[in-house]
Amino acid sequence: MGIKSFLSQCARTLKLAVKPGREELWLSIKISVLGIGVVGLVGFAIKLIGSFLTNSLVVLTIANVVGLIGSAIGYISFVLGGV
């Protein structure tokens with residue numbers, strides 16, 4: 001594939017591309033935020049399990065864990081509120 005054909009294909013792709021509508025953009029934003037939240041919760045769970053297994057100096061009280069879970073549920077319900 002030469003540079004000329006590559007640039008020709010790029011130009012053709014850009015001509016076909018359209019901006020997403022308001023609903024499609026909002027859906028993409030919600031899915032992205034939800035994915036970031038899930039990855040964060042998985043990371044938190046791994047960190048929590050690791051701290052319990054290694055008996056590290058990290059002290060998590062029940063109130064802190066409940067607060068984190070409550071805020072995560074509130075965050076997810078906020079993100080999914082428009083669905």
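Model, not experiment: these values are computed from the prediction.

K.L.:
Mind showing me how you'd approach the overall build of the protein chain here?
P.N.:
Counting its secondary structure elements, the protein chain contains three helices and zero strands. Secondary structure of the protein chain in N-to-C order comes out as α-α-α. Expressed as a percentage of its 83 residues, the buried residues of the protein chain come to 7%. Carbon together with sulfur atoms contributes 74% to the accessible area of the protein chain, which is approximately 7200 Å² in total.

K.L.:
Teacher, can you tell me more about a nonpolar patch on the surface here?
P.N.:
Together, Ile-3, Phe-6 and Leu-7 make up a nonpolar patch on the protein surface, roughly 340 Å² of accessible area in all. Here Leu-7 shows up in helix H1 (residues 3–16).

Rules of the game
- Residues numbered from 1 in each chain as written.
- Predicted model: local features only at pLDDT ≥ 70, side-chain atom pairs only at ≥ 80, totals over all residues.
- Heavy atoms only, no water.
- Helix = DSSP H or I, 4+ residues; strand = E, 2+ residues; numbered from the N terminus.
- Buried < 20%, exposed > 50% of the residue type's maximum accessible area, 1.4 Å probe, protein only.
- Areas by Shrake-Rupley, 256 points an atom, 1.4 Å probe, with all protein chains shown as cover.
- Patch = residues over 30% accessible without salt bridge, like charges linked within 9 Å, V, L, I, M, F, W, Y side chains within 5 Å.
- Salt bridge = Lys/Arg side-chain N within 4 Å of Asp/Glu carboxyl O.

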